[in-house]
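Here's the letter readout for the chains.
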Amino acid sequence: MIKIGSAYKSRVQNMKTTNVLLILVIGIVQISFGQQAPTDSELNFDSAYYTALYSQENSNSSDVQALVAKMRSYYIKRYNSIGNENNLLIPTNLQPSCTNMGFEDNNFNGWCRRTGVYKGYTIENGYDVIYDDIDDISLVICDNSIMEDLDCGDDSGEPLSALEFEIQERQIGQTDLYGIDLGNIEGNYAVKLGNSCLDYNVNRIEQSFIVDNSNSVFEYRFALVFQDIGVCDHIVYDIDCNTNNLNNLGDIQSHHKPYFTVFLEFQGQKIECSEYLIFGDENTFEFDSVGGVLKKDWSKSIINLLDFVNLGDEVKIVAEVADCGYGGHFGYAYFEASCSTNTTDISASSNNICVNDTVTFVSDTHYTDYLWSFYDNNGVLINTNTNNPAQFQYTQTGYYKVTYGPPSTGTTGLNCSQSLYIDVEDCGQTNETCEDCYSFRPLSNKKYWLSAWVKEEKLEQVLSYNNSFVQVTYSTGSNTFIGSENFYPSGEIIEGWQRIVGSFKIPPHAVYFNLNLINDGGYPAYFDDVRVHPFNGNMKSFVYDNENYRLMAELDENNFATFYEYDNEGGLVRVKKETEKGVMTIQETRSSTKKIEND
């Protein structure tokens, strides 16, 4: 462009050069029309979305535009590599909610696919996978184009060009080559990840979306086929491999067996306790062994996303299957999913449990590998049960912990179980201490909201109370201290009272939760309206006169009160509202009865 401009300015002096340059300009323009850049619409590129996204992290507008331009270049690169704009669908990072989770669109809309090479597992480095898209974003396929494996041999039973990702239609009464019941697909379709080609491929499918109230529970189903390598082959323990008994996961030092995993990612990091992981070893996991393969027919699990992230967060769902790390044995999986608001809690058949009662426990989250673990008063494991529901009889009084989740070593080596606590009483004796000492039972690894009001009886006027606070402490089943959090008054003092608010998350291994009202000053302090409830819920409370049972006050979601005043006849005469600026009268009514005059 600089050369063209210079030629135009000097056209009187060098008309010949100008003519040559004008001809070149016309040629360039003609070529440009022939290769016109695709529009944002053709790319399915949402410039406004990325501008807003990058603006959250960058205040410099030029930096934001540079990032948007870079992302658009990726879209153009992918567009050119595919060569068919009709295949392009909305990328997963634009999904406001779960999209085509169950593949009911009969395509990959909403999902991205990745391939790679599996090199094996070691206890030091975990699962070693080299993805094909490390240096080339175009190899992350987020559209409906087909990815094929052209290296499949005739001896595998698959066609020569077996698909690495395939939409599988539900077929009542039909099974696949290795006996997976295709009629048990819950919807009309599922996805098949991988194939029975002899290779060391990794096939991964993923989708990102914003968590809201309509999709906070993620449910998925899967079925697996792993070629049987042999109990003690391609696996190394720190003890001798035992071919007769199930081996402990914690003893495994390395292996190269096919595996399948499902997990969540948040801000680019795997959420470890969200992971389900299983590999092809029948001495470690339960399989049906059929015709030289290990088969696990359809299983289901439910994950409450709010156990790991908050409403409004972006979460990524990942499902991945791999062949043997040495390339001589295959692995593949069927997968389908959905989003809902169903519960994922574990529960007991009764809240009032007496000695010698048999209690039934049930969980909405179920894996064939998961188990119930029952502990004594000191937190020592006393029994396990793989059934769901499960039953257990309590023969002594006490406060007992029950968990449901992976085995003690876990498929990820972590303690990621859900917990429940049972209070067993001697129902033949009266508990003089309290009617139900454990009626309030917050769950470990859950977030809660605390609020209260405090008043310090000081002579001088102050802007805030500094000597009174609420303390939350956590301890184990043996009363070993884990940690504590303090919550102090904040905001305006209203009619002598100041509010205390804050959130806390109970540690995963806490058994006891203590709430302490503390006054460190030399003046009397009064606490009132202390409330604790789940962080993602809300609470209202009411105060009644203990003699005439009239409603005296109503405390809203923020623990601010609305006061009701009555006359001697019980008629409502005044309504006052507590606000951050003080108590305001919002309604006042006066009434009288007309006197009858006697003539």
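Structure: see above.
What about the nonpolar core?
Move 1: Core analysis: the largest hydrophobic core is formed by 64 residues, its most contacted members being F218, F260, F335, F361 and Y394.
Move 2: Those residues within four positions of F218 in sequence are excluded, and the remaining contacts are M101, V262, S301, I302, I303, L305, I317, F335, A337, S338 and C339.
Move 3: Of all hydrophobic cores here, the second largest spans 15 residues; its members include Y448, L450, I506 and F513.

Quick word on the state of the cysteines
Move 1: Taken as a whole and assessed by the stated rule, the structure comprises two disulfides.
Move 2: Covalently, C98 is tied to C339 through a disulfide, its sulfur atoms 1.8 Å apart. Disulfide C98-C339: torsion about the S-S bond near -80 degrees, hence left-handed. Note that C98 is positioned in the loop between α5 (61-82) and β1 (112-122) and C339 in strand β14 (residues 331-340), a separation of 241 residues in sequence.
Move 3: With a relative accessible area of 22%, C98 lands in the partly exposed category.
Move 4: Two residues share a disulfide in this structure: C354 and C427, whose sulfurs sit 1.7 Å from each other.

Describing the sheet that holds strand β29 (residues 525-534)
Move 1: Here we have four strands laid out as an open sheet, ordered β26-β27-β23-β29, and antiparallel in their pairing. Here the strands that pair on one side only, and so sit at the sheet edges, are β26 (489-494) and β29. Looking at each pair of strands side by side, their axes are set apart by 20 degrees on average, direction ignored.
Move 2: As paired elements, β26 and strand β27 (residues 497-505) share three bridges and run antiparallel to each other. Note that in β27 the partner of S490 across the bridge is R499.

Definitions and limits used
- Each chain carries its own residue numbering, running from 1 in the written order of its sequence.
- Confidence filtering applies because this is a predicted model: local features only for residues at pLDDT of at least 70, side-chain atom pairs given and counted only at 80 or more, and all residues used for totals across whole chains, interfaces and linings.
- No hydrogens and no water enter the side-chain calculation; it runs on all heavy atoms of the structure.
- We call a set of buried Ala, Val, Leu, Ile, Met, Phe, Trp, Tyr and Cys residues a nonpolar core when their side-chain atoms join them within 4.5 Å.
- A 1.4 Å probe rolled over the protein chains alone gives each residue an accessible area, and that area as a share of the maximum for its type sets the label: buried under 20%, exposed over 50%, partly exposed in between.
- Residue contacts follow a heavy-atom distance rule, with two residues in contact if any of their heavy atoms lie within 4.5 Å.
- The definition used for a disulfide is geometric: two cysteine sulfur atoms within 2.5 Å.
- Note on conventions: DSSP H or I runs of at least 4 residues are helices, E runs of at least 2 residues are strands, and numbering of each starts at the N terminus.
- Strands qualify as paired when DSSP identifies two bridges or more between them.
- Here, axes are lines fitted to C-alpha atoms. For helices the fit covers the stretch in contact, and angles between N-to-C directions go from 0 to 180 degrees.

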